[in-house]
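# Close look at the chain arrangement
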Amino acid sequence: MRLVILGGGESGVGTAILGKKKGYEVFVSDFGKIKGNYKEVLIINGIAWEEEKHTENLILNADVVMKSPGIPEKSPIVKKLFEKGIPVISEIEFAAPFTDATIIGITGSNGKTTTTMLTHHLLKSAGLNVGLGGNIGKSFAWQIADNKYDSYVLELSSFQLDGIANFKPHIAIITNISPDHLDRYDYKYEKYIDSKFRITMNQTEDDYLLYDADDEAINEWFKTHTTKAKLIPFSLTKTFSEGAYIKNNKMEIKINREELTMDTEYIALEGKHNMKNAMAATSVAKLMQIRKATIRESLSNFQGVEHRLEKVLKIQNVQYINDSKATNVNATFFALDSMNTPTVWIVGGVDKGNDYTELMSLVREKVKAIICLGVDNKKIIDVFGNVVDIMVEVSTMTDAVKMAQRLTEKGDSVLLSPACASFDLFESYEDRGNQFKKAVKNL
């Protein structure tokens, strides 16, 4: 069996290692450059590879192709594979059959990284032998090749779910759905929504789907679709006989005739959206039969996620906050919503078809100045030009942070929450966040 892998990054190399171990003839092809550390791994493991090209006669003879999530289906080589009827799958689809571990899969437009990290933290603190992977951390396939975990918590993007046929998590979570990546879905929101719900398409009556019952897109989907999985909703506004909710500043979880109650003030994560992430993660912990005392302790000591509303430093009584992971409008909505001081907002990057008007009321209420950090800021300026008194365009992170310092006074905050992808000026949202932190520390 010939396995061809498109993309020589973390998921590609992980899949190559697992494929080789399982007796496939493996070939890795990357249209860009393969990083040095990954090249070494391929060479040590005797895996054939190429970079900066896709050689068709070495690819179109595959029995199965694993496509890295960053490669769009519209790319010429992928189109040719489709024409030939060669299966093109994602890493999770390839890897899952090689483990009998319990899989917890988490998707959504926002909150999925925090929910994934918190769920992993809850299970690991309880002593479970649990792996963390998918869209974050070490490749799922690589972990299956190397380790023997009893369960995995996987963060799953819509792109990874597009490449599944039989993959099925025992517990699935949809944190929420808002327009994102629409450039990859022909600008059709319903295609993107369907993509997220692929997480439950193979689930049976023995499996669980946890979902945000306040989410409009999710509720709309349920009007015309069904899943076999047992449904466990969570909400800030409704109460359930089976599910999770907040009532009188208490988080209440009712699952399988068991209850857990906890005062929200003891939960380390702040903000309404994080209460939802906490309810989702706690519901998983209950399904995995973790003790209540362990759950309460873990919720109170969780450190949060880097680049997600991360408090960097307070300088001259101004709080600098790194929310570089906010790559869409909905994530930035949560960030602005959680601000309770006058805010200088750093925004901009590669726009994925954003509608900034959703942020209008929050910007009017909380934002005193906007710093645009992108190659093309026209859309942001058009929307907010008449709303805030000060709008500045900069092209480096150092300039953005220095300008922010000039525009603030005691008691203000500076928020980097770009609402956009980072690829116009940075390598990744991590690179963008790290540059922000460095620039703040250099003030």
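Residues numbered from 1 in each chain as written. Predicted model: local features only at pLDDT ≥ 70, side-chain atom pairs only at ≥ 80, totals over all residues. Heavy atoms only, no water.

### Some thoughts on the side chain of serine 11
Relative to the elements of secondary structure, serine 11 occurs in helix α1 (residues 10–21). With relative accessibility at 13%, the residue serine 11 sits in the buried group. Setting aside residues up to four positions removed in sequence, serine 11 forms contacts with Met66, Ser68, Pro69, Glu91 and Ser139. (Helix = DSSP H or I, 4+ residues; strand = E, 2+ residues; numbered from the N terminus. Buried < 20%, exposed > 50% of the residue type's maximum accessible area, 1.4 Å probe, protein only. Contact = heavy atoms within 4.5 Å.)

### What to know about the packing of helix α9 (residues 189–197) against helix α10 (residues 216–224)
Following both chains from N to C, one finds α9 and α10 inclined at 80 degrees, their axes separated by 11 Å at the closest point. As judged from the angle between their axes, α9 and α10 are roughly perpendicular. Residue-level contacts link Tyr189, Ile193, Asp194 and Phe197 of α9 to Ala217, Ile218, Trp221 and Phe222 of α10. A breakdown of the residues in the contact of α9 with α10 according to their chemical character gives 7 nonpolar, no polar and 1 charged. (Axes fitted to C-alpha atoms, helices over the stretch in contact; angles between N-to-C directions. Parallel < 35°, antiparallel > 145°, perpendicular 65-115°, else oblique. Nonpolar A, V, L, I, M, F, W, Y, C, P; charged D, E, K, R; others polar.)

### A look at the side chain of serine 417
For serine 417, the position within the fold is in the loop between β20 (413–416) and α17 (429–441). Among the polar contacts listed, one links the side chain of serine 417 to the side chain of aspartate 323, at a separation of 2.9 Å. Serine 417 has contacts with Asp323, Ala326, Thr332, Ala335, Trp345, Ile346 and Val347, leaving out every residue within four places of it along the chain. (Polar contact = N/O pair within 3.5 Å; in protein donor to acceptor, adjacent residues only side chain to side chain.)

### Focus on the pattern of salt bridges
Across all of its chains, the model carries 20 salt bridges by this definition. In this structure, lysine 276 engages aspartate 214 in a salt bridge whose closest nitrogen and oxygen atoms are separated by 3.1 Å. Within this pair, whereas lysine 276 is found in helix α11 (residues 272–287), its partner aspartate 214 is found in the loop between β10 (208–212) and α10, the two being separated by 62 residues in sequence. Judged by its relative accessible area of 14%, lysine 276 is buried. Within this structure, Asp212, Asp214 and Lys276 form a network of salt bridges that share partners. (Salt bridge = Lys/Arg side-chain N within 4 Å of Asp/Glu carboxyl O.)

### Notes on helix α13 (residues 329–337)
Val329, Asn330, Ala331, Thr332, Ala335 and Leu336 are the residues of α13 that are buried. Packed against the buried residues of α13 are β17 (343–347), α14 (360–366), β18 (367–373) and β20.

### Digging into the sheet that holds strand β8 (residues 151–155)
Spatially, β7-β8-β6-β9-β10-β11-β12-β13-β14 is the arrangement adopted by the 9 strands of the open sheet, whose pairing is mixed. Strands with a single pairing partner mark the edges of an open sheet, and in this sheet they are β7 (130–134) and β14 (258–263). Each strand axis lies, on average, 15 degrees off the axis of its neighbour in the sheet, ignoring direction. Of the strand pairs in this sheet, β7 and β8 are connected by 5 bridges, and their pairing is parallel. Residue glycine 134 lies in a different strand from β8, and its bridge partner there is glutamate 155. The strands touched by α11 within the sheet are β6 (102–107), β9 (171–174), β10, β11 (230–235), β12 (243–247), β13 (250–255) and β14, with β13 carrying the most contacts at an inclination of about 35 degrees. (Pairing = 2+ DSSP bridges.)

### What about the pairing of β10?
Here β10 lies mainly inside the structure; 5 of its 5 residues are buried. Burial of the side chains of β10 extends over both faces: Tyr208, Leu210 and Asp212 are buried on one face and Leu209 and Tyr211 on the other. Here β9 pairs with β10 via 4 bridges, running parallel. By the bridge assignment, alanine 172 is partnered in β10 with leucine 209. By the bridge criterion, 5 bridges tie β10 to β11 in an arrangement that is parallel. Directly across from tyrosine 211, in β11, lies its bridge partner proline 233. In this fold, the crossover linking β10 to β11 by way of α10 has right-handed handedness. (Right-handed = clockwise from strand over helix to strand, strands pointing away.)

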